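Residue strings, one per chain:
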Amino acid sequence: IEVSALLRLLDGGRPTTPESASFLRYGVTGSLLIRLGTGKVDAHQVFLDLPTGDGQTDIEAGISGFLYIGSHFGIHSSGRYGLQMPTTLMRRVTPPETVMPLVSTLREVNWSPASYMRFEIEPSWTLSPQLYAFGTYRFYSKDSDSYQLINDEESVISPGAIPISIEDLENESSRVFHQAGLGLRYSTLNVQTSKEQRPAELYGRVIYTVAGSGGHTPVTTRVEFGIQLFQKFW
């Protein structure tokens, strides 16, 4: 469950009539989001259990903006900074490269996820009143998490437990990546249409991870498709 609020900080250059057009249009919006700790981690005793979250609360502040120059060029950008609150949960304390950790490594730990930062910039070029070509650059950075055993390292959860080191959970928990992509968007949101025709937006994009660091940062190529349909109810 998420609770969010938006505040329009700047909004300039919008046309006053359908016939008028401004050479320079811009806008800035601030946001605040609270991601409640309502999700549950997977049950450690159930092999195929699926998690619905990590059970901790996030607080995220962001700012986004757009700038249109003339009738063809535009640019959108956004930045977010998030704080992740600590929580207590069960984890198998093993090195990150362990594929199937033993049940004897299970411990109750206090997990303090690190803060994170996201930045995205998206320039676009208008090919027609409905068709846009756009590029994407994304940057994401997260520091290392910290863990603390609820009991001392000599305590065991089950018979035959082996010695563990809490630093194994902290290793490779930081993450940094840079992504770049290209795409096309078809939109009728800003085009006058008849009352019988509903506005719609479709897009396709290919995005690639060009650089990064951290043990959980895969080098991926992702193809995205999206569609939005709008209906006025009142």
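Per chain, residue numbering runs from 1 following the sequence as it is written. Per-residue local features are limited, in this predicted model, to residues with pLDDT of at least 70; the limit for side-chain atom pairs, both in listing and counting, is 80 or more; totals at the level of whole chains, interfaces and linings are taken over all residues. Hydrogens are left out, water is left out, and the side-chain values use all remaining heavy atoms of the structure.

Strands qualify as paired when DSSP identifies two bridges or more between them. Think of it this way: any DSSP run of H or I at least four residues long counts as a helix, any run of E at least two long counts as a strand, and we number them from the N terminus. Pairing is antiparallel in the open sheet, where 3 strands are placed in the order β5-β6-β9. In the strand order of this sheet, the two ends are held by β5 (87-92) and β9 (146-149), each with one partner. Averaged over neighbouring strand pairs, the angle between their axes works out to 45° when direction is ignored. Bridge analysis of strand β6 (residues 106-112) against β9 gives 4 bridges, and the strand direction is antiparallel. Residue pairing for β9: Asn110 is matched across the bridge by Gln148. Every axis corresponds to a line fitted to the C-alpha atoms, with the helix fit spanning only the stretch in contact, and the corresponding angles, defined between N-to-C directions, vary from 0 to 180 degrees.

Each pair of aromatic rings taken from Phe, Tyr and Trp, with Trp reduced to its six-membered ring, is defined by centres within 6.5 Å and is described as stacked if the planes are under 30 degrees apart, edge-to-face if over 60, and tilted in the remaining cases. Within the structure shown, the criterion is met by 4 aromatic pairs. Aromatic side chains Phe66 and Tyr68 sit 5.5 Å apart centroid to centroid with 50° between the ring planes, which places their arrangement in the tilted category. In this scheme, a residue with accessible area under 20% of its type's maximum is buried, one over 50% is exposed, and one in between is partly exposed, where area comes from a 1.4 Å probe on protein chains only. Take Phe66: its relative accessible area is 21%, and that puts it in the partly exposed class. Taking the centre distance of 5.3 Å and the plane angle of 20° together, the rings of Tyr140 and Phe177 count as stacked. Of the two residues, Tyr140 sits in strand β8 (residues 131-142) while Phe177 sits in strand β10 (residues 175-187), which places them 37 residues apart along the sequence. For Tyr140, a relative accessible area of 13% puts it in the buried group. Owing to a relative accessible area of 12%, Phe177 belongs among the buried residues under this scheme.

Interpretation note: all reported values are geometric properties and have no functional meaning in isolation.
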